[in-house]
Amino acid sequence: MLRFLHRWPGLLAALLVLVLALSGSALSLYPALERLAVPQAESTLTVADLAARVASAHPGLEQIRRAPSGRVVAWWFEGGRPGAAVIDPATGADLGSPDPLPGSRFLTDLHRELFAGDTGRLVAAAGAALMLALAISGAWLVARRMGGWSRWFGRTRGPFAGRLHVELARFAVGGLILSSLTALWMTASMFSLLPDGAAEPAPALATATLPRLPYDQIPALANTPAAALRELSLPSPDDPTDTFKLVTEGGAALIDPGTGAMLSSATPGFFEKATEIMVMLHTGQGASALGLLLGLMSLSVPALALTGAQHWWAGLRSNRRIRRNARAQLAETVVLVASEGGTTWGFARTLHDGLTAAGQKVHTAPLASFDPARYARARRFLILAATYGEGEAPTAAKAVLDRIAALTSAPAAPLAILGFGDRTFPQFCGFAESLRAAAAAIGWESLMPMATVDRQSAQDFARWSRDLGAVLGLPLDLTHLPERPKTTALTLISRRDHGAEVQAPTSILRFEVPQATLWQRLTGQGFARFEAGDLIGILPKGSDLPRFYSLASSARDGFLEICVRRHPGGLCSGQLTDLTPGATVAGFVRRNPAFRPQKGRKPVILIGAGTGVGPLAGFLRANRRHRPMHLYFGARAPQSDLLYEAELRDWQAAGQLSRLTTAFSRHGPKTYVQDALRADAPELARLIGAGAQIMVCGGRDMAAAVRDALAEILVPIGQTPASLKAEGRYAEDVY
Ligand SMILES: Cc1cc2nc3c(=O)[nH]c(=O)nc-3n(C[C@H](O)[C@H](O)[C@H](O)COP(=O)(O)O)c2cc1C
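Criteria and cut-off values
Residues numbered from 1 in each chain as written. Predicted model: local features only at pLDDT ≥ 70, side-chain atom pairs only at ≥ 80, totals over all residues. Helix = DSSP H or I, 4+ residues; strand = E, 2+ residues; numbered from the N terminus. Buried ≥ 20, exposed ≤ 12 C-beta atoms within 10 Å, placed from the backbone. Contact = placed C-beta atoms within 7 Å. UniProt positions renumbered as here; feature names shortened; annotations may be inferred. Pairing = 2+ DSSP bridges. Axes fitted to C-alpha atoms, helices over the stretch in contact; angles between N-to-C directions. Core = buried A, V, L, I, M, F, W, Y, C linked by C-beta atoms within 7 Å. Domains from an automatic or database assignment. Parallel < 35°, antiparallel > 145°, perpendicular 65-115°, else oblique. Left-handed = near helix turned anticlockwise from the far one by under 90°. Right-handed = clockwise from strand over helix to strand, strands pointing away.

Assigned secondary structure in the chain consists of 23 helices and 24 strands. Across the 735 residues in the chain, those meeting the buried criterion constitute 39%. Across the chain, the fraction of contacts at a sequence separation of at least 24, relative to all contacts at a separation of at least 6, is 72%.

Following this line, the structure appears as C-alpha cells:
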C-alpha cells in the first residue's frame, strides 16, 4: 500500500510536482536577493523618524510599507499625480521604482496558479497534496529500508539509483513536507477557508479641530522601531477626522493626528498569526536563509523523480515476468528472493508460476522488503537466497538478518529456505545458512529442512520442488532451465603471457570497453561504470553457465583487464587464453562492491597470489592520491610469473605502491605469502592497529593460510580476522 501510495501519485503528478518544485526553488532566491539589494535601516530608527524622512522628500505622502526583507516602499500624491518608490530608510531618498524583481511575477504566477487563475490555484494545491503524500510515504519507506526511524542516517546499501534516491530523500524530505503543508495552508487561506482575516481596529474619528502633531510627538510612532513596521497610512489632508493607521507585527491601531492618542486597536488572532508564519516558512520572506535551504531541497525533486523512476524500472525488470503476483495482504504463499545477479529470480518465477497453477495465491517479492506485518494471510514463507562475498548476503539483502533478529516474535507461518550457491566456494550457501540460523534463533517454525541448489542445478531445484509439493500436498515437479545471461562481445586488444616455464600458463588479457548506450551512461549500468575488483562474467562457447573473473582495471582506465590462468581441460580458461588480438568473447559485468578499498586515507594491505594479483593491481593503478598501499605478492619464480612486474616498479616509483614484498615458491628459499606476512608480523600488527584494511585475493588454500597467519599476527593487538571482517576491514575475493 505504502509503495503504491508512493509510486502512482509520483508518476501521475511528476510533471506538476516538478513545475511547482522548480519554480518554488527559483522563487526561493528572491527574498535573499531582495535582502541583499535593499539598504537596511539603522536599528535605532523609529517609525516617526522614517515617516519624517520620507515626508520631507514627499509632502504628499500617503502610505509607507515595509516588507519582511527590510524593503521600504512609499506612496504619495503630489501635483495631482500618484507616485511610488522604494525608499532608502537611512535618508528617505527614492531608490527607484517598486516594481518586482525581473522574472518574479512570471514565476509567482506559474508557481501559485499555473497562469490559470483559481483553477490553476486548485491544481497547484493538488500538486502540493501529492508532494505531501509522496514525501510522507517516502519517509516511511526510507525508515523501513533503514530498519527504523532511529537509523534514519545509517549507511545505505544496494544499487546506485536506489541509494541515491534514499540519500536525496533523507536530505530533502523534511523540507518538502514543510513546503507542501504550508502551501496547502496558504491555499486554504486564499479561498477564505480559514478564519484568518486581518484584525481591524474599531472605526474612530480624530479631533477635527487640532492641527497635526509632528511625527516625533506621536508616542505610538516615536516608540515603534521601524523594523517592526508593516504599514503606516497617513490621514487624508481633505478629511479633518481621518486618523493614522499603524500596522505592526503586534497588531493594528488608529491614532489621532492632533492628540497623538491611540483611538482603537486590534491584535491578530491565532489563525492570522499562524498564516503569517506559514507564509514566512513557505516563501522565505523574513527568513531568507531558510527559504534558500527549502529551495535547495526542492531542487532535489527532479533528481528524486529520476532516481525513483529508475529504481522502479529496475524493480520492474527484475520482477518483470512475475505474472499474477497476488497482493501481499492476500497471499497464502509468500516467496522472498535474495539475488545479486538475477538468476535466482528465474527460479522464483518458475516456482511462482508452478504454485499459482496449482491454485495457490502467491506473492513474490525481494527479501529486502521483508516485513511480516505485510502478509496478513500468509500460511507459509519460502525464501530463495543466493550467497555472495564470503558466505554473505547479496547487497540489497544485507539488512535482513538484523531485521529477523529484531523481530519480537516469530511469524506464525512456517518457513522453508532454498539456498543458491556454488560448491566451489568455501562458504557454500553461507547466507541461506545464516538465514536458517537467524530464523531458528527466534523460534520460527520450519516447513521443511533447508535445501541448496548448486550452480543453478535444474536437478537440485526439481528435487526441492517435489519435496515442497509433498509437504503442501500438491503435485509439484518444477523444471527450471537457467537463462543465458545477456552478454556483449568483448574484443581482445592485447595479451601478455607468463608462467609457461613453471607449468602455470597465465595471461593478462586486455579488452576494449564496449560502447555504452546513453541510458547505460546515465544510469551507470553495464560497462558504463566498473571498478577494479568488480567481476566480468564470461560465457564460454558450449556452456550457458558464466565463469567470473576479477577486473584489474576500472572504467577510468579505458580498458577491461583480467588475469587468467589456463587450467588443464578448463573450458573457459582454455578459450580465453587461446584468444588472439581482435578476437571476441561474450561477457557481462557484475558489480562486486564488497571487494573495494574502503574510503579514506588509512593504509591498505593487499595480499595476493598468482592471478589474484589482478584486482590488487587495479587498486594500485587507481591509487593516484598515494594512499599507503602495501602489496604481498606470491608467485612461483621471478622470471616467469611475477605478473605486472614493470608496472609494480613504476607504481612504486610514483608513490602509488608504498612497499612490495614478494614470495617465491620455486625460486631460492621456498616461501609463500603467509611466510612473508609472518616475517613482517610486528609491522603488520602496527599498521592494522592503526586502522589498516586487508584485502586478500587468490586461491582458496592461499586465503586460508593467510587467514591463519593473520590470526597469529593479530593476537598482540587483540583482533582476529573475523573481528576485522565485522568492521569491514578484511575482504576476501577467493576462487
Ligand atoms: C563474487 C561471487 C561470490 C560468490 N560467493 C559465494 C559463496 O560464498 N558461497 C556460495 O555458495 N556461492 C557463492 N557465489 C555463487 C552464487 O551464489 C551463485 O552463482 C548464485 O546462483 C547466484 O545467484 P544470483 O544470480 O541470483 O545472484 C558467488 C558468486 C559470485 C559471483
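Moving on, we come to the UniProt feature "transmembrane region" (unreviewed entry) in the chain. The UniProt feature table records "transmembrane region" (unreviewed entry) at residues 122–143 and 164–186. The span residues 122–143 shows a helical share of 100% and a strand share of 0%, and its end C-alpha atoms are spaced 31 Å apart. Helix and strand shares over residues 164–186 are 100% and 0% respectively, and the end C-alpha atoms of the span are 32 Å apart.

Let us look at the sheet that holds strand S2 (residues 72–78). Judged by pairing direction, the sheet is antiparallel, and its eight strands sit side by side in the order S4-S3-S2-S1-S5-S6-S7-S8 without closing on themselves. Edge positions in the open sheet fall to strand S4 (94–96) and strand S8 (262–266), since each of these has one partner strand only. Within this sheet the neighbouring strands show an average axis-to-axis angle of 25°, counted without direction. Summarising the sheet, strand S1 (residues 61–66) and S2 pair through five bridges and their orientation is antiparallel. Directly across from Ile-64, in S2, lies its bridge partner Ala-74. Against the sheet, helix H4 (residues 47–57) engages S1, S2, strand S3 (81–87), strand S5 (229–233) and strand S6 (244–248), with an angle of about 130° to S1.

We now examine the nonpolar core. Formed by 63 residues in total, the largest nonpolar core has its most connected members in Leu-606, Leu-616, Met-695 and Val-706. Among the elements that make up this core, the one with the highest residue count is helix H22 (residues 700–714) (seven residues). Per-domain counts for this core show at least three residues from each of domain 4 (488–590) and domain 5 (604–734). If we skip the residues at most four places from it in the chain, Leu-616 touches Leu-606, Gly-608, Leu-631, Met-695 and Cys-697. Ranked by size, the runner-up nonpolar core spans 48 residues in total, among them Val-337, Leu-351, Tyr-375 and Ile-383.

If you trace the six strands from one edge of the open sheet to the other, you get S17-S16-S19-S14-S15-S18, paired in antiparallel fashion. Taken across any chain shown, the strands that pair with only one partner, and hence form the sheet edges, are strand S17 (547–550) and strand S18 (559–565). Across the sheet, the mean angle separating the axes of adjacent strands is 40° when strand polarity is ignored. As paired elements, strand S14 (residues 488–498) and strand S19 (residues 584–590) share four bridges and run antiparallel to each other. Within the sheet, the bridge partner assigned to Thr-488 lies in S19 and is Gly-587.

Here we take up unusual backbone geometry. For Phe-115, which is not glycine, the phi torsion reads 55° and is therefore positive. Turning to its location among the elements, Phe-115 is positioned in the loop between helix H5 (104–113) and helix H6 (117–146). The class of Phe-115 is exposed, set by 9 C-beta atoms lying within 10 Å. At Tyr-644, a position not held by glycine, the phi torsion is positive, near 60°. Relative to the elements of secondary structure, Tyr-644 occurs in the loop between helix H18 (638–641) and helix H19 (645–654).

Right, let's talk about the pairing of strand S24 (residues 730–734) for a bit. For S24, the tally of buried residues reaches five of five residues, placing the bulk of the element in the interior. The two faces of S24 match: Tyr-730, Glu-732 and Val-734 on one face and Ala-731 and Asp-733 on the other face are all buried. One ladder, built from five bridges, connects strand S23 (residues 693–698) with S24; its direction is parallel. The residue of S24 that forms the bridge with Met-695 is Ala-731.

With respect to the helices and strands, the residue Gly-120 is situated in helix H6. Here Gly-120 falls in the partly exposed class, since 16 other C-beta atoms lie within 10 Å of it.

Here we take up the packing of helix H7 (residues 160–190) against helix H9 (residues 270–283). At a minimum axis separation of 9 Å, H7 and H9 run at an interaxial angle of 135°. With respect to their mutual orientation, H7 and H9 come out oblique. In the packing of H7 onto H9, the handedness of the crossing is left-handed. Each of Leu-178, Ser-179, Thr-182, Ala-183, Trp-185, Met-186 and Ser-189 in H7 lies in contact with H9, whose residues at this interface are Thr-275, Met-278, Val-279, Leu-281 and His-282.

Below, the discussion takes up the pairing of strand S11 (residues 380–386). In terms of burial, S11 is a largely internal element, seven of the seven residues being buried. Neither face of S11 is open: one carries Arg-380, Leu-382, Leu-384 and Ala-386, the other Phe-381, Ile-383 and Ala-385, and all of them are buried. Across six bridges, strand S9 (residues 333–338) lies against S11 in parallel orientation. What sits directly across from Val-334, in S11, is Phe-381. Pairing geometry for S11 and strand S12 (residues 415–421), over six bridges, is parallel. Residue Leu-384 lies in a different strand from S12, and its bridge partner there is Leu-418. Handedness of the crossover joining S11 and S12 through helix H12 (residues 400–405): right-handed.

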